[in-house]
Structures are given as C-alpha cells and as structure tokens.
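Take a look at the letters that make up each chain.
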Amino acid sequence: MGTSTIDAELDADAIAVAFAQDSQPGTLDTWTVRHPEHARTLAQIAATSFYPLAPNNGGSEGADNGGAEGAGRVREIGRGALATRRPALSSLLLAVRAEGLDMDEAASALRLPEGLLWKLHRRFVAWESVPTALLSQLSQTLRRSVEEVRAYLAQPPMLAAGASYRADASPEVHQESFEAALTADPETTDAMRERWLTG
Amino acid sequence: MKDTFTLRPLTRTRKDNGQLYVREKEVEVQLKSLATLSEKQRRRALLAEGNDKLREETLVYALRECAQSGDTETAWAIAERLTERVSGHIARQLSKWRLPPDDADDCTRDLFAALFEALFDRSSAGEFWEVRFWVCLDRRLWNLIEKRQATLDAQLREAEAPEGSHESSEGGQESLLSRMHDRSLGPEERAMLSAALSHLSENERLAVYLTKVEGLPEESDDPARATAASVLGVTGRSVRNYLKRAEEKIQKWEQAR
C-alpha cells in the first residue's frame, strides 16, 4: 500500500470515528457537506447507529448467507487468511503460554508427563515417532494446524543456551523415540503408557 | 519478554476540534482491570472460549500491546479470537447485499487482509480500531462491497419498472417506515423496525434512513444541498425506486408476520 493510500485510509478512519462519536439524527447533512467524498460511509454509520441491523434470517430474494452457513464460510476464509500471515510456530513453550497455560497445565491436559512436553518443545524426540493422536491433540491445544506442529517438531533439536561455549566441535543432541522418552520419564503413569503406547 | 501491560493513553487527535480520541468507558474499565492481572491470568481472560464480555476494542488494544512487546504468539491468538467474533457480523452484512458467492468470498478475503494489516500496524493509525472497532471494520467492508455492488445495481436498474409507478404502492394507512423518525417509539417497535429494515438492500435501507429520519430531499436543483441522491451517489430516480421497493418489501414483510 502506498503512502498516499495509507493517508487516505487514515483520513477516512479519522472522519468515520469522529462522526461515530458525534452522530445524531439531523447532523448528517452538515458532515456530508464538510466531507462529501465520505458521504455514503457517514450515512451508513448514521443509519446503523440509529437502527442497529437485526440478523437477517432469510430474505425474500437472492442468496442469503447471513445464517450459520454464511458465518461458517466467512470464518473459514478468515482462518485461511490468518494462517497465511501468522508466523510459523517458533516455540512450543510460547505457544502454550499464549493459550494462557503453563507447561505443567498443558502436559496435564495432554495427559503427558511434563518432562516429555519439555523434550518435545526442545525437539529432543524424533518427530516421526510421535503418535498421530498426540499431534492432533497438540494442534487443538495450541490452535495450530497439525502440519504446523509437525513442521515445528521436525526441525533440529534446540540447544540450551551456552551449550557450544568453548566447545571444539558443534554439540550434537541425540534424539530419542517418543516411546523411549515416555518409558524413561519417572512421572509416566500406567494410564499414560496405556494411552500413548497401546493400540 | 517483560510484562509491560499498562493503559497507554491515546495519542491521535481529531482534526475538527483538536481533541484526543476517547475510548469508551467500558473499554477503559476492561483495560484497567486487565492491567491488574498477572500475565497468565490476562492471557486466560483474553483468550477464554466463548468470552464475549470483553469488547473488541479491548482485544485490539491487547493485541497491539502484545505485538509491540514481541509476544507475537499471543497477539495472533487474539487475532484468531477476533476472526471468530467478526465472522457472523460480516456474513450478515454480506447477506444484505446479496452478492454472488464468489464476489462475497473475495470481499471477505480482502477484508481480513485489511483487518490483519491494520491490527498489526505499529503506527498510531491503529488507534482508531481501539476507539471504534466496528466503525473501522464496517467502513472497509462497505468500501469493498460497494465496488461489486455497483455492477449489480446497474443490472437492477435495467430491470426496473418505469418511473412514476411508485405512488401506487402507498396506501391510506400510515406505513411502518413513515414512523421511523419517531423518537417516542418503544423498544419493541424499534426492534420491529430493525427487523423490517434487515430485509432491505443496503441502498434501500440508506434511502429510507436519509429521507425518513434525516429528512433529506430525494434530490434537489441546488448542488450545495445534501440530498439522498447526492449522499448515495445515484440519481433521484434511483432513490425513488429504492424507496418504492423498500415500501413493497416492508408491506410484504408486515403481511407475512
């Protein structure tokens, strides 16, 4: 968007917001004389403010998309637009926090030991071994697509800060399988084992 | 990331009187209340499922604060909540214009692009969305729809009946529309009028509002005078046709009730 377009948008927003703060029947003609290029928008604001629109439950002609079906379609497009702009998942920890959860709460919701969730965050678990059901649950908890979660886990392991300090060679992290990580975790319960390692 | 959530004052001023824009009282109260919460509690309050108590302006403020402090995960999570919130409203608005499905989808796509661009805009221009969210959203939606509506209107005009026939639709009894401007109407009658108006196209609704509530003439020989035709950017004849169709639709609607 060019500067002049942004300025025009800004002016239009300023006028619309100022009018919305003042709007009363009978003031429209003064505003439209002052801002003829925004007359229609001002009329729309005034009309909607005077008589808020009731939900359209089915008109007498043409296609009506105002119901649940229309809202669903708009939501779908909105989610798609958001997904293309939202930065890729960069941290499981931040994504968990963004949902208002701590790691222990997220682990509990996922029925995983907290230590294993930290390992997933640092990508110490081979992503191919993570059960599909867990990927799906993670995606629901974080409100990210399964593909996004998978792409995050498939990246190289995250080294702790300072791990390479004064090291002669780049440190390597050995990834373990999901099953090994779950089995080795002292907090793993029988129910967790049952849930994630059987079937 | 340091928790720096505080109630930042608005910086933009109105061009006409130089006064600062003001947030609505309810939004101020919500923001002050959010500022007293811990970071975690605040995220929960902002992102709680089905929590429609927080105003959209409050969510926009929180989103912009999170984005500016580097907490993009939370900022986008709030954007997701806003997407859910606006979907029904956008669908209702689109349905009034009865655009073909492909045009409606294009409008929706362009609108969300504009919405996300504005919400994540770090300049003070984004403050308008913190003051009147729905005004900013509707203005963009109307602009997008109107471009497409112009084509549909041209098609409608071709199919219209000759001018002059609209007088026949006005019966002896006082129509619902003629009582629109009456400020003494009770809540029930106002709700009925809102319901009736939701069956009109956008041009019909605006023509009715401009002539019946604002008292503007349909058209005028005086170019300096605001008229329904000049506001809508159409001819006086189109305004009369919008009014005629509006009367017919409302009569039909009243009979069907």
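Residues numbered from 1 in each chain as written. Chains lettered and ligands numbered in written order. Predicted model: local features only at pLDDT ≥ 70, side-chain atom pairs only at ≥ 80, totals over all residues. Heavy atoms only, no water.

1. Quick notes on the overall build of chain A
Piece 1. Looking only at helices and strands, one finds 11 helices and 0 strands in chain A.
Piece 2. Listing the helices and strands of chain A from first to last along the sequence gives α-α-α-α-α-α-α-α-α-α-α.
Piece 3. Intrachain contacts of chain A at a sequence separation of at least 6 include 58% that bridge at least 24 residues.
Piece 4. Of the roughly 10,200 Å² that chain A leaves accessible, carbon and sulfur atoms contribute 50%. (Helix = DSSP H or I, 4+ residues; strand = E, 2+ residues; numbered from the N terminus. Contact = heavy atoms within 4.5 Å. Areas by Shrake-Rupley, 256 points an atom, 1.4 Å probe, with all protein chains shown as cover.)

2. Considerations on the overall build of chain B
Piece 1. The number of helices and strands found in chain B is 11 helices and 0 strands.
Piece 2. Listing every helix and strand of chain B by position from the N terminus yields α-α-α-α-α-α-α-α-α-α-α.
Piece 3. Burial statistics for chain B: of 257 residues in total, 51% are counted as buried.
Piece 4. Counting contacts in chain B only where the partners sit at least 6 residues apart, residues at least 24 apart contribute 68% of the total.
Piece 5. Surface summary for chain B: the accessible area is close to 11,700 Å², and the carbon and sulfur share equals 49%. (Buried < 20%, exposed > 50% of the residue type's maximum accessible area, 1.4 Å probe, protein only.)

3. Quick look at the side chain of Arg 86 of chain A
Piece 1. Relative to the assigned elements, Arg 86 of chain A resides in the loop between α4 (68-85) and α5 (92-98).
Piece 2. Judged by its relative accessible area of 9%, Arg 86 of chain A is buried.
Piece 3. Among the polar contacts listed, one links the side chain of Arg 86 of chain A to the side chain of Glu 80 of chain B, at a separation of 3.5 Å. (Polar contact = N/O pair within 3.5 Å; in protein donor to acceptor, adjacent residues only side chain to side chain.)

4. A short note on the environment of Ile 90 of chain B
Piece 1. Turning to its location among the elements, Ile 90 of chain B is positioned in helix α4 (residues 72-97).
Piece 2. A sequence separation of 18 residues divides Ile 90 of chain B from Thr 108 of chain B, and the C-alpha atoms of the two residues are 7.7 Å apart.
Piece 3. Setting aside anything within four residues of it in sequence, one finds Ile 90 of chain B in contact with Val 74 of chain A together with Leu 111, Phe 112, Leu 137 and Leu 141 of chain B.

5. Some remarks on the interface of chain A and chain B
Piece 1. Every contact between the two is made by 74 residues of chain A and, on the other side, 75 residues of chain B.
Piece 2. Summing both partners gives a buried area of about 6,700 Å² for chain A against chain B, and 56% of it is carried by carbon and sulfur.
Piece 3. Viewed at the interface, chain B and chain A are joined by 12 salt bridges.
Piece 4. Two residues, Arg 81 of chain B and Glu 99 of chain A, come together in a salt bridge whose shortest N-O distance is 3.3 Å.
Piece 5. The interface formed by chain A and chain B contains 22 residue pairs in polar contact (both at pLDDT 80 or more).
Piece 6. Elements with a contribution of two residues or more to the side of chain A that touches chain B: α1 (3-22), α2 (28-34), α3 (39-50), α4 and α5 of chain A.
Piece 7. The leading source of residues in the side of chain A that touches chain B is α1 of chain A, at 12 residues. (Buried area = accessible area lost by both parts, 1.4 Å probe. Salt bridge = Lys/Arg side-chain N within 4 Å of Asp/Glu carboxyl O.)

6. Digging into α4 of chain A
Piece 1. The terminal C-alpha atoms of α4 of chain A, which comprises 18 residues, lie 26 Å apart, in line with the 26 Å expected from a rise of 1.5 Å per residue.
Piece 2. Looking at α4 of chain A, one finds that the buried residues are Gly 70, Ala 71, Val 74, Ile 77, Gly 78, Ala 81 and Leu 82 of chain A. With its buried residues spanning 140° around the axis, α4 of chain A presents them on a single face. Away from its buried face by more than 90 degrees, α4 of chain A exposes Ala 68, Glu 69 and Thr 84 of chain A.
Piece 3. On its buried face, α4 of chain A sits against α4 and α5 (101-119) of chain B. (Expected span 1.5 Å × (residues − 1). Arc of directions from axis to C-beta.)

7. Some words on the pattern of salt bridges
All names here are of chain B.
Piece 1. Within the structure shown, the criterion is met by 36 salt bridges over all chains.
Piece 2. Among the salt bridges present, the one from Glu 202 reaches Arg 205, with a minimum N-O distance of 3.0 Å. Note that Glu 202 and Arg 205 are positioned in helix α9 (residues 202-213) at a spacing of 3 residues, about one turn of the helix. Across this residue pair, the class does not change: Glu 202 and Arg 205 are buried.
Piece 3. Here the salt bridges do not stand alone but share partners, grouping Arg 8, Arg 23, Glu 28, Arg 64, Glu 65, Glu 127 and Glu 130 into one network.

8. Considering the packing of α4 of chain A against α4 of chain B
Piece 1. Running from N to C, α4 of chain A and α4 of chain B point in directions that differ by 145°, and their axes come no closer than 8 Å. Crossing of α4 of chain A against α4 of chain B: the hand is right-handed. Of α4 of chain B, the residues touching α4 of chain A (which contributes Gly 70, Ala 71, Val 74, Arg 75, Gly 78, Arg 79, Leu 82 and Arg 85 of chain A) are Trp 76, Ala 79, Glu 80, Thr 83, Glu 84, Ser 87, Gly 88, Ile 90, Ala 91 and Leu 94 of chain B. (Axes fitted to C-alpha atoms, helices over the stretch in contact; angles between N-to-C directions. Left-handed = near helix turned anticlockwise from the far one by under 90°.)

9. Overview of the nonpolar core
Piece 1. Of all hydrophobic cores here, the largest spans 96 residues; its most connected members are Ile 90, Leu 94, Trp 129 and Leu 210 of chain B.
Piece 2. With 11 residues, α4 of chain B is the single largest residue contributor to this core.
Piece 3. The residues contacting Trp 129 of chain B, other than those within four sequence positions of it, are Asp 13 of chain A together with Glu 57, Val 60, Leu 115, Ala 118, Leu 119, Cys 136, Leu 137 and Arg 140 of chain B. (Core = buried A, V, L, I, M, F, W, Y, C linked by side-chain atoms within 4.5 Å.)

10. Considerations on the confidence of the model for chain B
Residue and element names in this part refer to chain B.
Piece 1. Residues at a pLDDT of 70 or more form 88% of chain B, whose mean pLDDT is 83.
Piece 2. The secondary-structure element of chain B with the lowest mean pLDDT is helix α8 (residues 187-197), recorded at 79, while helix α3 (residues 56-68) shows the highest, at 94.
Piece 3. Residue range residues 164-173 is modelled with pLDDT below 50. Its contacts to residues more than four positions away, or to other chains, number 6 contacts.
Piece 4. Interface predicted TM-score (ipTM) for the complex: 0.75; the corresponding pTM is 0.76. (pLDDT = per-residue confidence, 0-100.)

11. Details of unusual backbone geometry
All names here are of chain A.
Piece 1. The backbone of Arg 123 sits at a positive phi, close to 60°, despite the residue not being glycine.
Piece 2. Mapped onto the secondary structure, Arg 123 falls in the loop between α7 (114-122) and α8 (132-142).
Piece 3. Taking relative accessible area as the criterion, Arg 123 reaches 8% and is therefore assigned buried.
Piece 4. Positive phi, close to 55°, is recorded for Arg 143, a residue that is not glycine.
Piece 5. By secondary structure assignment, the location of Arg 143 is in the loop between α8 and α9 (146-153).
Piece 6. For Arg 143, a relative accessible area of 26% gives the class partly exposed.

12. Brief notes about the packing of α8 of chain A against α9 of chain A
Residue and element names in this part refer to chain A.
Piece 1. Their axes nearest at 8 Å, the elements α8 and α9 cross at an angle of 110°. Classified by the angle their axes make, α8 and α9 are roughly perpendicular. Contact residues: Leu 135, Ser 136, Leu 138 and Ser 139 in α8; Val 146, Val 149, Arg 150 and Leu 153 in α9.
Piece 2. Here the contact of α8 with α9 is composed, by residue class, of 5 nonpolar, 2 polar and 1 charged. (Parallel < 35°, antiparallel > 145°, perpendicular 65-115°, else oblique. Nonpolar A, V, L, I, M, F, W, Y, C, P; charged D, E, K, R; others polar.)

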